[in-house]
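Summary of the model geometry
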Amino acid sequence: MTCWSCSAEVAEGEPACGACRKLQPVGRRQDAFSLLGLPREFLLDLADLERRFRERSRRLHPDRFARAEPRERRLSLEHATRLNDAYRLLKDWRARAGYLLKLAGTDVFAEGRTFADPDFLEEQLEWREALALARADGDAARLAAIAEDARRRLARLEDEVARRFADERWFSDLPVDIARRLSRARYYDNIVADAERASATSAQPQGT
């Protein structure tokens, strides 16, 4: 890549020109992992992710370029926005797994995309029935138990997904298997949210 300001060569992924120090556009081939200097892997050290994000945020924050020329101010905002998006994406294991699948050609979160999971259908019906009964009874304790059970299942799913990404065959053989687990995780997330919302509602004083 050629620097827009001094025409020096700039390596792909470098945020600034080594010769004139001007900010450069975000590289077209840069993804969320490369923006934070990380390999494309599911298992990440979240403390390291946080550290890398903070370091880069300080270096590229628009406030540091408040007196720069307009183009560099725009580039700073572009870098900061992309960096924030990358951090939010990678710190959540579900989003990170879905992103890895997307990079490999399977977009689990595409609108309207579903992955047949007949083994999970009956379980979904049971969860919904239990949630509806607890909500109808205003049973806050039961709603809290449902939410906690869903959280435990989410933790197990995270472990299962991690093992599958660690399998050398995942790129060719396991994407749909991982995608099904991510779909289940999304369902459990909804169960937790619904149970907590219903519990909060049942705890509110009733009007007379």
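Residues numbered from 1 in each chain as written. Predicted model: local features only at pLDDT ≥ 70, side-chain atom pairs only at ≥ 80, totals over all residues. Heavy atoms only, no water.

**Some details on the environment of Arg197**
For Arg197, the position within the fold is in helix H8 (residues 175–203). Counting along the chain gives 166 residues from Arg197 to Asp31, while the straight-line C-alpha distance between them is 35 Å. A distance of 2.5 Å separates the side chain of Arg197 from the side chain of Asp194, its partner in a polar contact. (Helix = DSSP H or I, 4+ residues; strand = E, 2+ residues; numbered from the N terminus. Polar contact = N/O pair within 3.5 Å; in protein donor to acceptor, adjacent residues only side chain to side chain.)

**Brief notes about the side chain of His79**
With respect to the helices and strands, His79 occurs in helix H3 (residues 70–91). Taking the relative accessible area as the measure of exposure, His79 reaches 6% and is therefore buried. What His79 contacts, discounting residues up to four positions off in sequence, is Pro15, Gln24, Pro25, Val26 and Leu60. (Buried < 20%, exposed > 50% of the residue type's maximum accessible area, 1.4 Å probe, protein only. Contact = heavy atoms within 4.5 Å.)

**Things to note about the pattern of salt bridges**
Following the criterion strictly, the structure yields 20 salt bridges and no others. Across the pair Asp92 and Arg94 runs a salt bridge, and its minimum N-O distance is 2.9 Å. Taking relative accessible area as the criterion, Asp92 reaches 27% and is therefore assigned partly exposed. Across the pair Arg94 and Asp189 runs a salt bridge, and its minimum N-O distance is 2.8 Å. (Salt bridge = Lys/Arg side-chain N within 4 Å of Asp/Glu carboxyl O.)

**Remarks on the confidence of the model for the protein**
Predicted coordinates in regions of low pLDDT should not be interpreted in detail. Taken over all residues, the pLDDT of the protein has a mean of 87, while the share at 70 or more is 91%. Within the protein, helix H2 (residues 46–60) carries the highest mean pLDDT (95), whereas helix H7 (residues 170–173) carries the lowest (66). (pLDDT = per-residue confidence, 0-100.)

**Regarding H2**
Taking 1.5 Å of rise per residue, the 15 residues of H2 would be expected to cover 21 Å, and the 21 Å separating its terminal C-alpha atoms lies within 8% of that figure. Within H2, burial applies to Asp48, Leu49, Arg52, Phe53, Arg56, Ser57 and Leu60. End-on view of H2: buried residues confined to an arc of 165°, all on one side of the axis. Of the exposed residues in H2, the ones pointing more than 90 degrees away from its buried face are Ala47 and Arg58. Looking at the packing, one finds that the buried side of H2 touches helix H1 (32–35) and H3. Capping the start of H2 is the job of one residue whose side-chain oxygen sits 2.9 Å from the backbone nitrogen of Ala47: Asp45. (Expected span 1.5 Å × (residues − 1). Arc of directions from axis to C-beta.)

**Some words on the environment of Ile146**
Looking at the element boundaries, Ile146 is found in helix H6 (residues 140–166). Each C-alpha atom, one on Ile146 and one on Lys102, is 31 Å from the other, the two residues being 44 residues apart in sequence. When residues no more than four places from it in sequence are discounted, the contact partners of Ile146 are Trp127, Ala130, Leu131, Ala134, Ile191 and Ala195.

**Let's talk about the packing of aromatic side chains**
Evaluation of the coordinates by the stated rule reveals 7 aromatic pairs. An angle of 15° between the planes, with centres 5.2 Å apart, marks the rings of Phe42 and Phe165 as stacked. Taken together, the residues span a long stretch of sequence, with Phe42 in the loop between H1 and H2 and Phe165 in helix H6 at a distance of 123 residues. Take Phe42 and Phe165: they sit in the same class, and that class is buried. Judged by centre distance (4.1 Å) and plane angle (5°), the rings of Phe53 and Tyr87 are stacked. With Phe53 in helix H2 and Tyr87 in helix H3, this residue pair connects regions lying 34 residues apart in the sequence. Both residues of the pair, Phe53 and Tyr87, belong to the buried class. (Phe/Tyr/Trp six-rings, centres within 6.5 Å; stacked < 30°, edge-to-face > 60°.)

**Focus on the packing of H2 against H3**
Two elements in contact, H2 and H3, have axes separated by 10 Å at closest approach and are oriented at 170°. If you check the angle between H2 and H3, you find them roughly antiparallel. Between H2 and H3, the contacting residues are Leu46, Leu49, Glu50, Phe53, Arg56, Ser57 and Leu60 on the first element and Ser76, His79, Ala80, Leu83, Asn84, Tyr87, Leu90 and Lys91 on the second. Class assignment of the residues belonging to the contact of H2 with H3 gives a composition of 8 nonpolar, 4 polar and 3 charged. (Axes fitted to C-alpha atoms, helices over the stretch in contact; angles between N-to-C directions. Parallel < 35°, antiparallel > 145°, perpendicular 65-115°, else oblique. Nonpolar A, V, L, I, M, F, W, Y, C, P; charged D, E, K, R; others polar.)

**With respect to the side chain of Ser199**
As for its position among the elements, Ser199 is in helix H8. Leave out the neighbours within four places in its chain, and Ser199 touches Ala140 and Leu143.

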